[in-house]
Amino acid sequence: MVTVRAPATSANLGSGFDVFGVALDRPADIVHVERADRTTIEVTGVGSQYIPTDPDRNVVGAVAEALDAPAHIRIDKGVRPSSGLGSSAASSAAAAVALNELYDRGLSREELVPVAAEGEAVVSGEAHADNVAPALLGGFTVATDEGVTTVDADIPLVACLPEIAVSTRDARRVVPSDASIEDMVHTVGRAATLAVGMCRRDADLVGAGMDDRVVTPARAKLINGYHDVREAALAAGATGVTVSGAGPSVLGVCQAADRTRVAGAMLEAFDEADVAARAYKTRVGRGAEVFES
Ligand SMILES: Nc1ncnc2c1ncn2[C@@H]1O[C@H](COP(=O)(O)OP(=O)(O)O)[C@@H](O)[C@H]1O
Ligand SMILES: N[C@@H](CCOP(=O)(O)O)C(=O)O
């Protein structure tokens, strides 16, 4: 048996739609795999009642098929599905690492990115790699057609998860199909600022670089209380706030000393909007880890 832990991730970071991602140091999924003649799946943990065990509909089924590695796969969910925290990607990445080890396929973490992205295609319709890349490699990742670039960033974060479900598939339907040249210039400037901030481990630059006028405003409408939560986090010291992935989680960047205050302000603002929520005080973390094999 092989057991792997893969972390939650936050994709886009505002200005880097379908490109940027970070691994969070918590929460995480844990996946156990054992060789079998055909793939079977068992799911326990947070939100497991909403996750199919049919290998054609669970992301890990697509990963097992891509690696030609049939197995009994047990998923212990720590990352709630439809959270904007890369729940499906955490399972896909953990399964890719575990099955690669179980069947001695010898693929590198970089080579496992497109394999794990096959799982994303099952749930969102597109094999976007911006969650699976950080879930596999850790740190801050830039996923493009040419491959993945990683930065071993260390930035304090707050991920606030409201009790609202937003499916990535639905949230992709509200993404505008075009953008003005002014908005493109703005986005390039912010994305570049964010990337420099990650390299310098500078939370002020990362926060400033998250501002986005194209995708985030459309997605914010799907999250009750988003604007108040954002304002409250900024007033409490966050250096930047945006929608995490496709939502509904909201991601705040801050200095470590402000993290508790920012988390409290976000929870209070959601509460005032009558939305129950929980906050993860976290930071940019490591990628998938093999526990036992
Ligand atoms: N192993 C899995 N873990 C999480 N969700 C899964 C898994 N397999 C299939 N799904 C489905 O994927 C959807 C959640 O994925 P997604 O909408 O991308 O959410 P998230 O933003 O949290 O990744 C749900 O419909 C869920 O049933
Ligand atoms: N780039 C994707 C990321 C989706 O992230 P998730 O954590 O919500 O699955 C998108 O924005 O659609």
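Residues numbered from 1 in each chain as written. Chains lettered and ligands numbered in written order. Predicted model: local features only at pLDDT ≥ 70, side-chain atom pairs only at ≥ 80, totals over all residues. Heavy atoms only, no water.

As recorded in an unreviewed UniProt entry, the chain goes by the name Homoserine kinase, listed as coming from Haloferax volcanii. According to the UniProt record, the Function (unreviewed entry) comment for the chain reads "Catalyzes the ATP-dependent phosphorylation of L-homoserine to L-homoserine phosphate." Quoted straight from UniProt, the Pathway (unreviewed entry) entry for the chain says "Amino-acid biosynthesis; L-threonine biosynthesis; L-threonine from L-aspartate: step 4/5." (UniProt positions renumbered as here; feature names shortened; annotations may be inferred.)

J.: Mind showing me how you'd approach the overall build of the chain here?
T.: Counting secondary structure elements, the chain contains 10 helices and 11 strands. Computed over the C-alpha atoms, the radius of gyration of the chain is 18 Å, within 12% of the 19 Å expected from 2.2 N^0.38 for a compact globule of 293 residues. Across its three principal directions, the C-alpha atoms of the chain cover 55 × 40 × 35 Å. Within the chain, the fraction of its 293 residues that count as buried is 55%. A separation threshold of at least 6 residues defines the contact pool for the chain, and within that pool the share at least 24 residues apart is 75%. About 12200 Å² of surface is accessible on the chain, with carbon and sulfur atoms providing 47% of the total. Taking the average location of the 26 positive side-chain charges in the chain and that of its 41 negative ones, the two points are 3 Å from each other. (Helix = DSSP H or I, 4+ residues; strand = E, 2+ residues; numbered from the N terminus. Rg over C-alpha atoms; globule rule 2.2 N^0.38 Å. Buried < 20%, exposed > 50% of the residue type's maximum accessible area, 1.4 Å probe, protein only. Contact = heavy atoms within 4.5 Å. Areas by Shrake-Rupley, 256 points an atom, 1.4 Å probe, with all protein chains shown as cover. Lys, Arg positive; Asp, Glu negative; His and termini not counted. Charge placed at Lys NZ, Arg CZ, Asp CG, Glu CD.)

J.: Looking at this model, I keep getting lost on the site of ligand 2. Mind explaining?
T.: Taken together, the neighbourhood of ligand 2 is formed by 15 residues, with Asn12, Asp18, Asp130, Arg172 and Arg219 sitting nearest. Asn131 places a side-chain nitrogen or oxygen 2.9 Å from an oxygen atom of ligand 2. Within the side chain of Arg219, an N or O atom sits 2.9 Å from an oxygen atom of ligand 2. Computed on the free molecule, ligand 2 has an accessible area of 350 Å², of which 98% lies beneath the protein chains in the complex. The class makeup of the residues in the shell around ligand 2 is four nonpolar, seven polar and four charged. (Near = heavy atom within 4 Å. Polar contact = N/O pair within 3.5 Å; in protein donor to acceptor, adjacent residues only side chain to side chain. Nonpolar A, V, L, I, M, F, W, Y, C, P; charged D, E, K, R; others polar.)

J.: What's the story with the packing of helix H9 (residues 226–235) against helix H10 (residues 259–272) in this structure? I'm lost.
T.: To characterise two packed helices, one gives the angle between the axes of the helices and the distance between these axes. Close contact between H9 and H10 brings their axes to 8 Å; oriented N to C, the two are set at 155 degrees. With respect to H10, the axis of H9 lies roughly antiparallel. The way H9 lies across H10 gives a crossing that is right-handed. For the pair formed by H9 and H10, the contact residues are Asp228, Val229, Ala232 and Ala233 on the first element and Val262, Ala265, Met266, Ala269 and Phe270 on the second. (Axes fitted to C-alpha atoms, helices over the stretch in contact; angles between N-to-C directions. Parallel < 35°, antiparallel > 145°, perpendicular 65-115°, else oblique. Left-handed = near helix turned anticlockwise from the far one by under 90°.)

J.: Help me understand the pairing of strand E2 (residues 20–35), please; the structure alone is not making it clear to me.
T.: The side chains of a regular strand alternate between the sheet's two faces. Of the pairings in the sheet, the one linking strand E1 (residues 2–11) to E2 comprises nine bridges and is antiparallel in character. For Ala6, the partnering residue across the bridge sits in E2 and is Asp29. Here E2 runs beside strand E5 (residues 140–144); their pairing, made up of three bridges, is antiparallel. Each residue of the ladder has a partner; that of Gly21, found in E5, is Thr141. Across six bridges, E2 lies against strand E4 (residues 71–77) in antiparallel orientation. The partner of Ile30 across the bridge, within E4, is Asp76. (Pairing = 2+ DSSP bridges.)

J.: Hey, could you run me through the site of ligand 1 in this one?
T.: The environment of ligand 1 is formed by 20 residues, the closest being Tyr50, Lys77, Ser83, Val123 and Thr168. Ser82 is positioned with one of its backbone polar atoms (N or O) 3.1 Å from an oxygen atom of ligand 1. Contacts to ligand 1 include Ser91, whose side-chain N or O atom sits 3.1 Å from a nitrogen atom. Considering ligand 1 on its own, with 560 Å² of exposed area, one finds that the protein chains cover 89% of that surface.

J.: So what exactly am I meant to see when it comes to the environment of Val122 here?
T.: Residue placement: Val122 occurs in helix H3 (residues 109–124). Exposure remark for Val122: the relative accessible area of 26% places this residue in the partly exposed category. Taking C-alpha positions, Val122 is 9.5 Å from Ser88, a pair spaced 34 residues apart along the chain. Setting aside its immediate chain neighbours within four residues, Val122 contacts Asp56, Arg57, Ala62 and Arg169.

J.: Help me understand the UniProt feature "binding site: ATP" (unreviewed entry) in the chain, please; the structure alone is not making it clear to me.
T.: Per the UniProt record, the feature "binding site: ATP" (unreviewed entry) sits at Arg80, Pro81, Ser82, Ser83, Gly84, Leu85, Gly86, Ser87, Ser88, Ala89 and Ala90. Here Ser87 shows up in helix H2 (residues 87–102). Residue classification places Ser87 among the buried residues on the basis of a relative accessible area of 6%. Residues contacting Ser87, with those up to four places away along its chain left out, are Asp29, Lys77, Val79, Arg80, Pro81 and Ser82. For Ser88, a relative accessible area of 22% gives the class partly exposed. Once residues within four sequence positions are removed from consideration, Ser88 is found in contact with Val59, Glu120 and Val123.

J.: Looking at this model, I keep getting lost on the environment of Gly147. Mind explaining?
T.: Mapping Gly147 onto the fold places it in strand E6 (residues 147–151). Judged by its relative accessible area of 30%, Gly147 falls in the partly exposed class. For Gly147 and Arg5, which are 142 residues apart along the polypeptide, the C-alpha to C-alpha distance reads 23 Å.

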